[in-house]
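Structural characterization, general
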Amino acid sequence: MPVGEKLTTENTGHVYIRVADMKQNSVTDNDIHYVSEAIFQKIKAYTISSDDLYITVAGTIGNVGEIPSTFNNANLTENANKIVFKFISKKFLMYCLLSDFVQSQIKSCTTKVGQPKLAIIRIENLLIPLPPLKEQYRIVAKIEQLASIMRG
């Protein structure tokens, strides 16, 4: 977001996803903000697709989630990065990034000076297990089955 510019709750057609909107590994729509056409023209390259994942990189660090299709190509806060990937299950990657194994890596490589930050280069260097795609789908199905049982 350009310095000195403000968001609005008036629907301008240009959704701006903030870290505050990123909850439960998704994006909530209960307090969506927008940018004006003028701001959109300045930040239109900073969008995220529903094919991508997000990861928060400032303030609250390491939250990971999916972008609902209703927010496809929305503008993304500078306090989060999009993760674009190929040849890996989106849900598997999300669960890996949320795992204690990866979250401990994120915590250890976060800069502690001033406001905590997670640099893109550090995200690129995270160690993530990568079984064959078919196995990734089986793991995701098991995780979601167990989560369903835990919710009751």
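To keep things clear, this report deals only with the structure shown in the data block. (Residues numbered from 1 in each chain as written. Predicted model: local features only at pLDDT ≥ 70, side-chain atom pairs only at ≥ 80, totals over all residues. Heavy atoms only, no water.)

1. Let's talk about helix α5 (residues 133-151)
For α5, built from 19 residues, the straight-helix expectation of 27 Å at 1.5 Å per residue is met to within 8% by its first-to-last C-alpha distance of 27 Å. Following α5 by one or two positions, G152 adopts a phi angle in the positive range, close to 95°. (Helix = DSSP H or I, 4+ residues; strand = E, 2+ residues; numbered from the N terminus. Expected span 1.5 Å × (residues − 1).)

2. Thoughts on the sheet that holds strand β7 (residues 60-66)
Taking strand neighbours across the sheet as the criterion, the three strands line up as β7-β6-β9 in an open arrangement whose pairing is antiparallel. At either end of the open sheet lies a strand with only one pairing partner, and these are β7 and β9 (80-83). The mean angle between the axes of side-by-side strands here comes to 20°, regardless of whether they run parallel or antiparallel. Relative to β7, strand β6 (residues 53-58) is paired through five bridges, and the arrangement is antiparallel. (Pairing = 2+ DSSP bridges. Axes fitted to C-alpha atoms, helices over the stretch in contact; angles between N-to-C directions.)

3. Quick word on the sheet that holds strand β5 (residues 47-48)
Pairing is mixed in the open sheet, where four strands are placed in the order β4-β1-β8-β5. This sheet does not close on itself; its edge strands, each paired only once, are β4 (33-34) and β5. When β5 meets strand β8 (residues 74-76), the two strands line up antiparallel, connected through two bridges. Looking at β8, one finds that T47 is bridged to N75.

4. Comments concerning the pairing of β6
In terms of burial, β6 is a largely internal element, six of the six residues being buried. Counting the residues that bridge the hairpin from β6 to β7 gives one residue, and of these G59 lies at a positive phi of roughly 70°. Pairing geometry for β6 and β9, over four bridges, is antiparallel. Within β9, the position partnered with Y54 by the bridge is K82. (Buried < 20%, exposed > 50% of the residue type's maximum accessible area, 1.4 Å probe, protein only.)

5. Considering the packing of helix α2 (residues 90-98) against α5
Geometrically, a packed helix pair is captured by the angle between its two axes and the distance between the axes. Between α2 and α5, whose axes approach to 9 Å, the crossing angle comes to 65°. Of the two possible hands of crossing, α2 and α5 adopt the one that is left-handed. Contact residues: α2 offers K91, F92 and Y95, while α5 offers Q136, I139, V140, I143 and E144. By residue class, the composition of the contact of α2 with α5 is five nonpolar, one polar and two charged. (Left-handed = near helix turned anticlockwise from the far one by under 90°. Contact = heavy atoms within 4.5 Å. Nonpolar A, V, L, I, M, F, W, Y, C, P; charged D, E, K, R; others polar.)

6. Regarding the packing of α2 against helix α3 (residues 100-109)
Relative orientation of the contacting elements α2 and α3 amounts to 60°, with a least axis distance of 5 Å. Classified by the angle between their axes, α2 and α3 sit oblique to one another. Counting all contacts with α2, which are made through C96, L97 and L98, the residues of α3 involved are D100, V102, Q103 and I106. Across the contact of α2 with α3, the residue classes tally to five nonpolar, one polar and one charged. (Parallel < 35°, antiparallel > 145°, perpendicular 65-115°, else oblique.)

7. Observations regarding the environment of T77
With respect to the helices, strands and loops of the structure, T77 is situated in the loop between β8 and β9. Taking relative accessible area as the criterion, T77 reaches 6% and is therefore assigned buried. Residue contacts for T77: discarding those within four places in its chain leaves Y16, I17, R18, V19 and M22. Within the structure, the side chain of T77 is placed 3.1 Å from the backbone nitrogen of N79, a separation counted as a polar contact. (Polar contact = N/O pair within 3.5 Å; in protein donor to acceptor, adjacent residues only side chain to side chain.)

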